[in-house]
Amino acid sequence: MRHGNLSDIHGSNLSSAASASGSEGTHVQCPVKHYSNLFAAGTTAKRGSAALDRNAIAEIADARSSGVDDPPKDDRDNIPAGYTYFGQLVVHDLTQSIAGSGQGGASVTLQNLMTPNLDLDTIYGGGPTQCPHLYQAPYEAGYLNRPQDIEDDGQYLFHLGRTAKAALPENWEQGEGLPYDLPRAGAAGGWSAGTSITPLVRDARNDDNLILAQLTAQFMLVHNRVARYLHHNGDPADANRPLSKKESFELARHFVLIAYRRIVVHDYLQLLLLPAVYGDLKAGKIASQDHLPIEFVFGAARVGHAMVRAAYTINNHIGLGASGLGRLMSFSSSSPGANLPLPADWVVDWRQLLEMDDGEMEDRVTPQSARRISPFLAPTFVHSDLKNRRTDFEGSLSFHDLWRCYQFEIPTGQECARQLFGSASKKILTQEDMLPRPAFSNLHPAEKLTAALQAHPEFLTETPLSYYLLQEAAVLGGNGRYLGPLGSHIFAAAILYALKKAPQTYATPAGQRGLDFDRILKPTGIVKLPHLLKVPAMPDADLAEVIVKTLA
């Protein structure tokens, strides 16, 4: 996965990358390009122990593999697996880092190419004005049923890709040409001649794997459903006042962003953060920062990798035996020989990943759970080389998650915890705490990891933040059900910055309120991810009610 994908500034076109994140109306291009530090370097070396070299990190990184997806046996509910990928979308929405060397290559500076304010820049880009290639041309929309539409030629609907024929002969009755894939250049029935399967999306990282690409397409479908309804029927909160295509786009985007932000606060964070920290976030007891914290980008945001399963049931046709993580990642334009456009029998059934069913039903589907958070990772993340994913890196994701903390001089996990909780706090993990806990060593093949950690005891006392937060969740987060206290605080501080301090990047539609934090705290309308994903199939009357409540 490419959370917060990092690229070198040399040889890249920074200006074009920045302009791609534009937005409609009064857009602020990349309003905050820098990151902040929640914690100072402290008394220990910024880079951790100087004795811990790249080979030692590689040895520990290589020992983290486990194909076991089952959670520890306890009485806690588990996070449904779909939230792993919603979290990846949130991270992509907040950060995309580029690194540049200073004079003589002596220092490294980081800049953020995204607008870090939960504006779904990762999907909407600059809107139809600045990113017209993402949207259907007016004549393709086919909704010219109002007299004023002859002059109203604005773009307001996303392009969507069409599925290919089912991959397995026994599933050919699934048909093809369904609008459930990302739009792709050169795909069969697509946009140009040739064999390119490059996604026509604002952020190519959202084509990283099957489930994330499907989730991105679902957000596009939600927007299109709402925008079409508004253009056909008018604004249901304003006596069905007729709306132009441009107005329909703007109000539909506003609806999606309010719902998205409420899902982040009332659904995703409630599942992920320690309950006490989540309460502090909603009560405004956590200080928001002036910029997105670097400890989030290379620390707390990385915990999503530990939640990824080794295999998934995708739908009734594609089960665990056929859909290992490596296979899911092959449905990506960054994978050589990718099987795209998406075959019809690989369309995600969201009931397998989220609590989509209401009430007691005979055919109710219990969604798969995300992995509990711990240092153990799916084998693909440990044994696959990132250079095979058309990235600038060599080595595994497991390695780079650790090494970047040294490369970018992130304070160690213990140093961050000391500064937040005080040196005498029992919330700081001890050297013994850093070894695999029984709940996980009894579940995963832990002998290799334990041996690698014991061979490098300095890692146990000066631990890269990304690893420390995983082990903290395993020890202090209810056997990995939640982030631990430090990880929860960092995550909450980053989201609060995005909700309270980062400037809004588009003009609020006429007659509407902005995206202020107090409004998002009000749990009205859509506040859960499953509810949002049901929007494309809603009858008009239900959709009108949802629009009114969400925009209230």
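About the thresholds
- Residues numbered from 1 in each chain as written.
- Predicted model: local features only at pLDDT ≥ 70, side-chain atom pairs only at ≥ 80, totals over all residues.
- Heavy atoms only, no water.
- Helix = DSSP H or I, 4+ residues; strand = E, 2+ residues; numbered from the N terminus.
- Buried < 20%, exposed > 50% of the residue type's maximum accessible area, 1.4 Å probe, protein only.
- Contact = heavy atoms within 4.5 Å.
- Salt bridge = Lys/Arg side-chain N within 4 Å of Asp/Glu carboxyl O.
- Expected span 1.5 Å × (residues − 1).
- Arc of directions from axis to C-beta.
- Core = buried A, V, L, I, M, F, W, Y, C linked by side-chain atoms within 4.5 Å.
- Phe/Tyr/Trp six-rings, centres within 6.5 Å; stacked < 30°, edge-to-face > 60°.
- Axes fitted to C-alpha atoms, helices over the stretch in contact; angles between N-to-C directions.
- Parallel < 35°, antiparallel > 145°, perpendicular 65-115°, else oblique.
- Nonpolar A, V, L, I, M, F, W, Y, C, P; charged D, E, K, R; others polar.
- pLDDT = per-residue confidence, 0-100.
- Disulfide = S-S within 2.5 Å.

Okay, the overall build of the protein next. What the protein contains, in helices and strands, is 23 helices and five strands. Here the protein holds 552 residues, and the buried ones make up 61% of them. Once local pairs closer than 6 in sequence are excluded, the contacts in the protein between residues at least 24 apart make up 76%.

A word on the environment of I294. In this structure, I294 sits in helix α10 (residues 294-297). Through-space distance from the C-alpha of I294 to that of N37 is 5.7 Å; in sequence the pair is 257 residues apart. In this structure, I294 is in contact with Y35, S36, N37, L110, G299 and I410, ignoring residues within four places of it in sequence.

It is worth spelling out the pattern of salt bridges at this point. Proximity of charged atoms lets side chains of opposite charge pair with each other. What the rule picks out here adds up to 21 salt bridges. Across the pair R184 and D181 runs a salt bridge whose closest N-O atoms are separated by 3.1 Å. Here the residues in one salt-bridge network are D69, R309 and R371, joined through shared partners.

As a further point, take unusual backbone geometry. Of note, the amide linkage connecting L340 to P341 takes the cis form, showing an omega dihedral of 0 degrees. Summarising the element assignment, P341 is placed in the loop between α12 (325-329) and α13 (379-383). Positive phi, close to 55 degrees, is recorded for L118, a residue that is not glycine. Of note, L118 is situated in the loop between β4 (108-112) and α4 (121-124).

Now for helix α19 (residues 465-476). Here α19 contains twelve residues, and its C-alpha end-to-end distance of 15 Å stays within 8% of the 16 Å for a straight helix at 1.5 Å per residue. Across the twelve residues that make up α19, a large majority, ten, are buried. Turning to α19, its buried residues number three or more, namely L465, S466, Y467, Y468, L469, L470, Q471, E472, A473 and A474. Directly after α19, the chain includes G478, whose backbone phi takes a positive value near 65 degrees.

Quick look at the side chain of D345 now. By secondary structure assignment, the location of D345 is in the loop between α12 and α13. Apart from the residues lying within four places of it in its own chain, the contact partners of D345 are A166, A167, L168, N171, Q174, N315, H317 and I318.

Looking now at helix α17 (residues 447-455). Along α17, the residues classified as buried are L449, A452 and L453. Around the axis of α17, the buried residues are gathered within 95 degrees of arc, so they sit on the same side. Exposed residues lying more than 90 degrees from the buried face of α17 are E447 and Q454. The elements touched by buried residues of α17 are α2 (54-61), α18 (457-461) and α19.

With 164 residues, the main nonpolar core has F86, F219, F296 and F491 as its most contacted residues. Ranked by the residues each element gives to this core, the list is headed by helix α8 (residues 245-272), at 16 residues. Once residues lying within four places of it in the same chain are set aside, the contact partners of F296 are V91, L94, A301, I490, F491 and A494.

It is worth spelling out the packing of aromatic side chains at this point. The tally for this structure, following the rule as stated, stands at 15 aromatic pairs. Ring geometry for F86 versus Y260: centroids 6.0 Å apart, planes at 70 degrees, classification edge-to-face. Here F86 is found in helix α3 (residues 82-94), whereas its partner Y260 is found in helix α8, with 174 residues between them in sequence. The residues F86 and Y260 share a single accessibility class, namely buried.

Here the focus is the packing of α3 against helix α7 (residues 210-233). Contact pair α3 / α7: the axes reach a minimum separation of 9 Å and the direction vectors enclose 70 degrees. Between α3 and α7, the crossing angle belongs to the class labelled roughly perpendicular. Counted together, Y85, F86, Q88, L89 and H92 of α3 and I211, L212, L215, T216 and F219 of α7 form the full contact between these two elements. Looking at the contact of α3 with α7 residue by residue, the class counts come to seven nonpolar, three polar and no charged.

Turning our attention to the confidence of the model for the protein. Taken as a whole, the protein shows an average pLDDT of 86; of its residues, 84% reach a score of 70 or greater. Ignoring residues within four places in sequence, the model shows residues 44-51, a span with pLDDT below 50, making 18 contacts including any to other chains.

All right, on to the environment of S248 then. Structurally, S248 is set in helix α8. The class of S248 is buried, set by a relative accessible area of 0%. Put simply, S248 and L157 are 91 residues apart on the chain and 9.4 Å apart in space, counted from C-alpha to C-alpha.

Let us now look at the environment of Q352. Mapping Q352 onto the fold places it in the loop between α12 and α13. Sequence-wise, Q352 and P367 are 15 residues apart; in three dimensions their C-alpha atoms are separated by 4.4 Å. Residues contacting Q352, with those up to four places away along its chain left out, are T313, I314, N315, N316, V365, P367 and Q368.

This next bit is on the state of the cysteines. By definition, a disulfide is the covalent link that joins the sulfur atoms of two cysteine residues. What the rule picks out here adds up to zero disulfides. Cysteine C405 is unpaired, with the sulfur of C416 as its nearest cysteine sulfur at 9.1 Å. The buried category is assigned to C416, whose relative accessible area is 0%.

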